[in-house]
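Each chain, written out:
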Amino acid sequence: MRVEVKIPGTLESYCIDERGDKRVPTEQLWLETFVCGVLRAYSYADDGNGDAIKKIVGVRRFNPITNTEMEHKFLNAAEKLFFNGLGFPTQSDHLAGLTKTQVPNTVSNHLASGLLKYIHTTGRYASGINLFEKLRTKDVEVSSLLARVLISADEEVQAVRLLHDALQDVPMDYALLDCQAAFCQSKKEYEMAVECAKRSVTAAPSEFSSWIRLAEVYVDMEQWNLALLTLNSCPMFTYQDKDSPRLPKPSRILLPILPESMLDEIDEGQPKQGDPMDIVSPMLSKLHASSYQGTFLKAYSLLTKIAAAIGWDQLLKIRSEVFVMEEEYRVERQTNSARPVATSNNASTVAIHETSSTASGINGNGIHDTNGAEESVAQNSDTDPASEENNKVENIEAQSIESKIEKPEQSMASEVVKSGGEDPDTSKTYTQFHNKRLCERWLDNLFMVLYEDLRVYTIWRSDFAQSRAQSAEYKKSATEWEILGELAERLHHFNEAVEAYQHCLQIRFSPKALKGILKMYERQNDTRGMLNALIRLIAWQYRWYSEFSPELLYTIRKLIEEEGAVKVRSIVQATNLPQPILDLTHHYCQLCATFRSTGSDS
């Protein structure tokens, strides 16, 4: 869609088709444009840490829905277009940055995700329930979306009944099963959750969301070996960023500061135009985990959660028990080269025999990994039910044979594996080799990235403790403190992360650091601390022409639900900051009152 204005002159609106030809815009196209505009406003908005603002600087971001009348128009348009979601211009979740869906369908596409995000942000559950109830009469699959809204609205009994009834009609709908698994998981009913998650995987073996749910439940059950095996089976796909324009980095930026957003606290310590950039240690700038997005970010977060729970050494031990290690692989290959290769349907051995000629000690990113398998391209036959049955039969036969012979010594630990140049000790036998899997390259690489994160974190804490013992100042730039805070947060060391963010804020204002502090206040249920952080984040956003952040609106809405609007407004007003700054936060509170959020009338 194009709107061309000539000053002085005319106003012309038209649309461009896929061949680049001009077309007359129809009512249907204008309706799609309106819905897309609302979805993009929520999708491209900043979450408070400033990352979205840095991508495209100087663009005004505002709330497209500020009253119930506009919401009514939006939901009516969404209802008309809902079942055209697969042909929608923004199509799948890839464009929304929510890369968990491999194949978009009726309930997994950008339109459905955008509707859920809008309802979750504003708390307009009644409107969402009404919308999905009407859509459910046309397609029972919409029940999964309706159930999610009902659960969020604290209508859990109704949601459970709905899921039960819907699964009678479509027993293998993976979205419904995943919703069931998530609900059971939230109630700590892990035995029930794992059965629902398994059925979801069976129903959609090519979807990342069903596999990662199963892995999360295994982590909650502390079944670490099954969690790693499930994670290894996740179908990964490359993250595709939102379809935002790629702008070249400007040589300089001169943007007027809005008077109502001026705050000395934000301005102090900020680098001036032409000042040199912060010096960042190469060790910190080369941490790959900070760039992960999509499915790889989700998988890495789960891996760090396991490491935080059991420790790096125990993680390596479990890894060596479920995955083929380099020493085992080398011995097996040498043994097999001296005898004919037996045909087997086992996924691991098939992969080994097929890839033995191309095995390499380098993982997907060109990093040598002496702890992982020499070749990590596993066959995905475990997603085939027939193949799973064959594997079970073979495993039972193998166990019966092994029970008749003496148990071998335990496989060599990964940290003491010999280097590739040394001759393997062929006196050891690895009879458990055929019951193991090859570690996928991407997971192999995640282990290496996690090791690097842990190494840098350990060095930082050691140097920091040494400096404190010697009463010496531990000097880092503001950017380095930001990176260290993110590193500690990734590894689930939240106290150390807050400490790093506080050091960063002592040098200069940083929205990313303050957002990290805000998360700490949320965990501590510190209302006053949360509001102090929110006031400054909202002011910083506004000075970059971002008048709306769904994440900040959601945080304020939840505060009002818990504490009441009167208390929240009183705390904000009692803050010793200029009135124009406080008015920006009051605007968010007024938005909650307009939508009659819980607590806004008290």
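Residues numbered from 1 in each chain as written. Predicted model: local features only at pLDDT ≥ 70, side-chain atom pairs only at ≥ 80, totals over all residues. Heavy atoms only, no water.

Let's talk about helix H6 (residues 143-152)
Link 1 in the chain: Along H6, seven of the ten residues are buried, which leaves the element largely enclosed by surrounding structure.
Link 2 in the chain: Turning to H6, its buried residues number three or more, namely Ser143, Ser144, Leu145, Leu146, Ala147, Val149 and Leu150.
Link 3 in the chain: Tucked inside the fold, the buried residues of H6 contact helix H4 (110-122), helix H5 (125-136), helix H7 (156-169) and helix H8 (174-186). (Buried < 20%, exposed > 50% of the residue type's maximum accessible area, 1.4 Å probe, protein only. Helix = DSSP H or I, 4+ residues; strand = E, 2+ residues; numbered from the N terminus. Contact = heavy atoms within 4.5 Å.)

Brief notes about the side chain of serine 467
Link 1 in the chain: By the secondary structure assignment, serine 467 is in helix H19 (residues 441-469).
Link 2 in the chain: Every residue in contact with serine 467, bar those within four places of it in the chain, is listed here: Ala472 and Tyr474.

A few points about the packing of aromatic side chains
Link 1 in the chain: Considering all chains together, one arrives at 13 aromatic pairs under this definition.
Link 2 in the chain: Judged by centre distance (5.3 Å) and plane angle (75°), the ring pair of tyrosine 42 and phenylalanine 548 falls under edge-to-face. Placement of the pair is tyrosine 42 in helix H1 (residues 27-43) and phenylalanine 548 in the loop between helix H23 (527-543) and helix H24 (550-563), with a sequence separation of 506 residues.
Link 3 in the chain: Given the relative accessible area of 4%, tyrosine 42 is considered buried.
Link 4 in the chain: Exposure remark for phenylalanine 548: the relative accessible area of 2% places this residue in the buried category.
Link 5 in the chain: Ring centres of phenylalanine 296 and tryptophan 442 lie 6.3 Å apart, and the angle between their planes is 85°; on these two criteria the pair is classed as edge-to-face. (Phe/Tyr/Trp six-rings, centres within 6.5 Å; stacked < 30°, edge-to-face > 60°.)

Quick word on the pairing of strand E2 (residues 11-16)
Link 1 in the chain: In this sheet, E2 lies alongside strand E1 (residues 2-5) in antiparallel orientation, the contact comprising four bridges. Bridged to valine 3 within E2 is serine 13.
Link 2 in the chain: The loop that links E1 with its antiparallel partner E2 comprises five residues; one of these, glycine 9, has a positive phi angle of about 160°.
Link 3 in the chain: Sheet topology note: the E2/strand E3 (residues 22-23) ladder contains two bridges and is antiparallel. The residue bridging cysteine 15 from the neighbouring strand is arginine 23, located in E3.
Link 4 in the chain: The turn linking E2 back onto E3 is made up of five residues, and glycine 20 within it adopts a positive phi angle of 85°. (Pairing = 2+ DSSP bridges.)

Considering the confidence of the model for the chain
Link 1 in the chain: For the chain, mean pLDDT is 82; residues scoring 70 or higher make up 79% of the total.
Link 2 in the chain: Considering each helix and strand of the chain separately, the mean pLDDT is smallest for helix H17 (residues 347-355), with a value of 37, and largest for H6, with 96.
Link 3 in the chain: Below pLDDT 50 for its whole length, residues 341-394 participates in 101 contacts with residues either more than four positions away or in separate chains. (pLDDT = per-residue confidence, 0-100.)

A look at the sheet that holds E2
Link 1 in the chain: Across the sheet, three strands lie side by side as E1-E2-E3; this open sheet has antiparallel pairing. Each edge of the sheet is formed by a strand with only one pairing partner; in this case those strands are E1 and E3.

A word on the packing of H4 against H6
Link 1 in the chain: The contact between H4 and H6 brings their axes to 11 Å, and the two run at 15°. Here H6 runs roughly parallel to H4, going by the angle between their axes. The handedness of the crossing between H4 and H6 comes out as right-handed. Between H4 and H6, the residues in contact are Ala112, Leu116 and Ile119 and Leu145, Arg148 and Val149, respectively.
Link 2 in the chain: Tallied by class, the residues present in the contact of H4 with H6 amount to five nonpolar, no polar and one charged. (Axes fitted to C-alpha atoms, helices over the stretch in contact; angles between N-to-C directions. Parallel < 35°, antiparallel > 145°, perpendicular 65-115°, else oblique. Left-handed = near helix turned anticlockwise from the far one by under 90°. Nonpolar A, V, L, I, M, F, W, Y, C, P; charged D, E, K, R; others polar.)

Thoughts on the environment of tryptophan 211
Link 1 in the chain: Considering the arrangement of structural elements, one finds tryptophan 211 in helix H10 (residues 208-220).
Link 2 in the chain: Given a relative accessible area of 7%, tryptophan 211 falls into the buried group.
Link 3 in the chain: Separated by 21 residues in sequence, tryptophan 211 and asparagine 232 place their C-alpha atoms 9.5 Å apart.

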